Amino acid sequence: MTNMDLDKRLFAYRDDIANIELKGKVTSKEFLEGEKYQVATGISRLFAIPDANTPLVSQLLYGEYFFVFEINDGWAWGQSVKDGYVGYCSLNSLTLDLHETTHHVSAVSSHIYPEPNLKTQPVDMLHMMSDVSIIDEAQTNGFLPLADGNWVYATHISKDYGKDPVSEALKFLYTPYLWGGRSNAGIDCSGLIQIAYASVGIAVPRDADLQEAELGMQLKEDKVPEYGDLAFFPGHVGIMLDDMHLLHANAHHMRVSIDPLRDVIDIVSFQTEKPPLSSIKRISLNL
């Protein structure tokens, strides 16, 4: 196996540094174990290179763990523990003060407060499926204490998961489209699918091509799509609401929208010479 065989989105290696777990699989000058950090801000932006003026590749959400292999000029190069995505993020968004996850944010968004008082100025914003650490289940004014000394509203977090990824995805309807986004502040097509499935306790890959390769069973051409099926296009994915309508985060409307599947196929056909609808896949949920 050569370096070219491993997807750099999911395997942390460069010519000079690589994850020690890849020793014998890739060629690099140095192999490192990496150090575990935790995201300490509502969102940490992830880039393919250490340059904030380049396209976003993904986002890390509050409380997620990130293995760091290199720190240089304020940038941390590493790999997300949650979905394995590799990239560069700001070191200022990370902390070495690790707290074990006890709950996740179940609301589309919430706030972190310095005190259990809704009139105080929030410290930061939390987004759906962010991880939080609660140190006491006793509420104060409806708030619960976080391990870092701040507070979060109790009904906005949960230990339990939803049952239906479609209803979870629908919470993001009209959310603005953001390339690389994973939150209600901005989300892309595969980010919508990833968060929707995370909300029902199912981990799926970050990008549409990875999701298509790994998820579900492909429907035969004579089969009619159903509620919950995933429709894949070249570089795009959405989730079916019925046999005709697709929920998807898209650059055409620059938001999460509901569109007739036929219309989406027509739009994509003008953008690529590939078959506009590459597959429809059905995922069996064992919840």
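From a predicted model like this one, the values you see are computed outputs, not experimental measurements.

Student: Mind laying out the overall build of the protein chain, listing which residues take part and the relevant values?
Tutor: If you tally the helices and strands in the protein chain, you get four helices and 24 strands. Compactness check: the protein chain gives a C-alpha radius of gyration of 20 Å against a globular reference of 19 Å for 287 residues, within 12% of the reference. Projected onto its principal axes, the C-alpha positions of the protein chain cover 55 × 55 × 35 Å. If you take every contact in the protein chain between residues at least 6 apart in sequence, the share linking residues at least 24 apart comes to 55%. Carbon and sulfur atoms make up 52% of the accessible area of the protein chain, which totals about 14,400 Å². Charged side chains of the protein chain number 22 positive and 39 negative; the gap between the two group centres comes to 3 Å.

Student: Could you give an account of the layout of surface pockets, naming the residues involved and the relevant values?
Tutor: Approximately 560 Å³ is the volume attributed to the largest pocket. Classifying every residue of the lining of the largest pocket gives 14 nonpolar, ten polar and six charged. Size it by volume and the second largest pocket reaches roughly 280 Å³. Taken together, 21 residues line the second largest pocket, and the ones lying closest to its centre are K82, M129, Y161, A198 and A203. Among the secondary structure elements, those contributing two or more residues to the lining of the second largest pocket are β10 (103–105) and α2 (189–198). In terms of residues, the lining of the second largest pocket owes the most to one element, α2, which gives three residues.

Student: Please give an account of the sheet that holds strand β15 (residues 151–153) that cites residues and values.
Tutor: Ordered in space as β12-β11-β15-β14, the four strands form an open sheet in which the pairing is antiparallel. Lying at the two open borders of the sheet, with one neighbouring strand each, are β12 (124–127) and β14 (143–145). Averaged over all pairs of adjacent strands, the angle between their axes in this sheet comes to 35°, without regard to strand direction. Sheet analysis places β14 next to β15, joined by three bridges and oriented antiparallel. When the sheet's bridge partners are listed, L144 is paired in β15 with V152.

Student: I'd like a rundown of the sheet that holds strand β16 (residues 157–158), residues and numbers included.
Tutor: Reading across the sheet, the three strands line up as β13-β10-β16 and stay open at both edges, with antiparallel pairing between neighbours. This sheet does not close on itself; its edge strands, each paired only once, are β13 (131–132) and β16. Across two bridges, β10 lies against β16 in antiparallel orientation. Directly across from H104, in β16, lies its bridge partner S158.

Student: Could you give an account of the packing of aromatic side chains, with specific residues and numbers?
Tutor: Here a ring pair, both rings aromatic, is described through the centre-centre distance and the interplanar angle of the planes. All chains considered together, the criterion is met by five aromatic pairs. Arranged with centres 5.8 Å apart and planes meeting at 85°, the rings of F47 and W75 form a pair that is edge-to-face. Here W75 lies in strand β7 (residues 75–80) and F47 lies in strand β4 (residues 43–47), a separation of 28 residues in the sequence. Of the two residues, F47 and W75, both sit in the buried class. Between F69 and W77 the ring centres are 5.8 Å apart and the planes differ by 55°, which places this aromatic pair in the tilted class. F69 sits in the buried class, given a relative accessible area of 8%. Judged by its relative accessible area of 3%, W77 falls in the buried class. The rings of F69, W77 and Y88 are connected pair by pair, giving a single aromatic cluster. The ring of W77 carries the charged tip of R14 above its face, separated from the ring centre by 4.5 Å. Lying over the aromatic face of Y65, K36 brings its terminal NZ or CZ to 4.1 Å of the ring centre.

Student: Describe in detail the side chain of S279, supporting the description with residues and values.
Tutor: Relative to the helices and strands, S279 resides in strand β24 (residues 279–282). Judged by relative accessible area, S279 falls into the buried class, the value being 4%. Polar contacts involving the side chain of S279 include one to the side chain of E212, which spans 2.6 Å. Residues within four places of S279 in sequence aside, it is in contact with E212, Q218, L230, A231 and F232.

Student: Any details on the side chain of D207? Residues and values, ideally.
Tutor: As for its placement among the helices and strands, D207 is situated in the loop between α2 and α3 (208–214). By relative accessible area, D207 is classed as buried at 13%. Among the polar contacts made by the side chain of D207, one reaches the side chain of Y85 at a distance of 2.6 Å. When near neighbours in sequence (up to four residues on either side) are disregarded, D207 contacts R9, Y85 and S190.

Calculation rules
- Residues numbered from 1 in each chain as written.
- Predicted model: local features only at pLDDT ≥ 70, side-chain atom pairs only at ≥ 80, totals over all residues.
- Heavy atoms only, no water.
- Helix = DSSP H or I, 4+ residues; strand = E, 2+ residues; numbered from the N terminus.
- Rg over C-alpha atoms; globule rule 2.2 N^0.38 Å.
- Contact = heavy atoms within 4.5 Å.
- Areas by Shrake-Rupley, 256 points an atom, 1.4 Å probe, with all protein chains shown as cover.
- Lys, Arg positive; Asp, Glu negative; His and termini not counted.
- Charge placed at Lys NZ, Arg CZ, Asp CG, Glu CD.
- 1 Å grid on protein atoms, 1.4 Å probe; cavity = no way out; pocket = protein on both sides within 12 Å on 5 of 7 lines; lining within 4 Å.
- Points joined across faces, edges and corners; volume = space filled by probe spheres on them.
- Nonpolar A, V, L, I, M, F, W, Y, C, P; charged D, E, K, R; others polar.
- Pairing = 2+ DSSP bridges.
- Axes fitted to C-alpha atoms, helices over the stretch in contact; angles between N-to-C directions.
- Phe/Tyr/Trp six-rings, centres within 6.5 Å; stacked < 30°, edge-to-face > 60°.
- Buried < 20%, exposed > 50% of the residue type's maximum accessible area, 1.4 Å probe, protein only.
- Lys NZ or Arg CZ within 6 Å of the ring centre and 35° of its normal.
- Polar contact = N/O pair within 3.5 Å; in protein donor to acceptor, adjacent residues only side chain to side chain.

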